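Residues per chain, in single letters:
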Amino acid sequence: MLMDLATEIIATAEKDIEQALWQSVRDNDNDKALTVYHKSRIKLVSLTNLSDVEERDRNRVLAYCLMRIDDALFSKGDTADAVSRTQEAMSIAQRSEDEVQIARCQLALGARLMNQGKIAEAEEHYRGILTTHMDSENEDLIQVVGWTLITRGHLLNAKSLHDQALFVLLDAENRLKSIDNYAGIAAANELLVKVYSNLGWSEDAQKYRRMAIKYKEKAKREQR
């Protein structure tokens with residue numbers, strides 16, 4: 001009976017985190033989401049006497065929860081401890097042995113390292129994701145690969161390697177379209193606006209500007 005209760009608590013926490021995430025995207029309210037994330041974290045950490053399977057599942061959801069806490073805090077301007085927060089999430093994800101959550105944490109940690117100017121370290125994490133999961137057919141991993149390619153496109157654009165950035169971002173867009181990840185498509189499109197502008201292709205930039213707005217609204221509406 002206790003085992004069933006633990007499984008239920010883990011599943012409910014994951015559902016609550018996901019709902020809070022999309023509500024914060026829709027309402028632009030990180031404070032409300034943080035309250036939900038912190039409550040979920042306390043519930044997950046308080047679970048004891050778990051089986052090995054439950055322990056791994058708890059760690060998977062806990063790592064995701066810590067990632068969401070960092071994301072909300074970072075959005076509010078609390079950036080000082082961002083790397084250590086994502087490192088903690090990564091450590092717990094590794095204990096869960098869940099390849100999706102490990103890849104998500106690699107991406108998040110890479111982003112935080114990049115924000116601190118540690119580009120080589122960040123690219124190491126991105127390379128790890130792309131080397132391992134580039135040909136994955138798992139939708140969650142396709143999403144992580146797509147977002148990783150967006151980050152790589154950002155780096156290439158910043159280095160004025162606009163042709164390479166264009167190739168990488170169109171690849172990201174195609175992958176994210178294949179799984180209807182509208183938030184990812186919007187992010188790729190927003191960056192493509194910059195790349196096309198840098199290339200002097202103003203018509204393409206305008207087209208992708210309109211598409212970015214369309215997909216951003218679609219992401220909020222359909223929570224994808």
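You'll find the structure just up there.
What counts as what
- Residues numbered from 1 in each chain as written.
- Predicted model: local features only at pLDDT ≥ 70, side-chain atom pairs only at ≥ 80, totals over all residues.
- Heavy atoms only, no water.
- Phe/Tyr/Trp six-rings, centres within 6.5 Å; stacked < 30°, edge-to-face > 60°.
- Helix = DSSP H or I, 4+ residues; strand = E, 2+ residues; numbered from the N terminus.
- Buried < 20%, exposed > 50% of the residue type's maximum accessible area, 1.4 Å probe, protein only.
- Lys NZ or Arg CZ within 6 Å of the ring centre and 35° of its normal.
- Salt bridge = Lys/Arg side-chain N within 4 Å of Asp/Glu carboxyl O.

A.B. asks: What is the right way to read the packing of aromatic side chains from this model?
C.D. replies: Pairs of aromatic rings are described using the distance from one ring centre to the other and the angle between the two planes. Following the criterion strictly, the structure yields 3 aromatic pairs and no others. Considering the side-chain rings of Tyr182 and Tyr215, the 6.1 Å spacing of their centres and the 20° angle between planes classify their relative orientation as stacked. Taken together, the residues Tyr182 in helix α9 (residues 182-199) and Tyr215 in helix α10 (residues 202-222) connect sequence positions 33 residues apart. Tyr215 shares its class with Tyr182; the two are buried. Joined through ring pairs, the aromatic side chains of Tyr196, Trp201 and Tyr208 make up one cluster. Just above the ring of Phe74 sits the side chain of Arg112; from NZ or CZ to the centre is 3.8 Å. Above the face of the Tyr215 ring, Lys214 is positioned so that its terminal group lies 4.8 Å from the ring centre.

A.B. asks: Even after reading the chapter, I still don't get the pattern of salt bridges, so can you show me in this structure?
C.D. replies: Two side chains carrying opposite charge are able to pair once their charged atoms lie near each other. Enumeration over the complete set of coordinates arrives at 15 salt bridges. The residue Arg175 makes a salt bridge to Asp171 at a minimum N-O spacing of 2.9 Å. Separated by 4 residues within a single helix, Arg175 and Asp171 lie in helix α8 (residues 162-178), roughly one turn from each other. Look at Arg175 and you get partly exposed, because its relative accessible area is 22%. A residue is classified by how much of its surface remains accessible, and Asp171, at 22% relative accessible area, is partly exposed. Here Glu190 makes a salt bridge to Lys216, at a shortest N to O gap of 2.6 Å. With Glu190 in helix α9 and Lys216 in helix α10, the pair connects residues that are 26 residues apart, well separated along the chain. In this structure Glu190 comes out as partly exposed when scored by relative accessible area, which is 36%. The structure contains a network of salt bridges with shared partners spanning Arg68, Asp70, Asp71, Asp78, Arg85 and Arg112.

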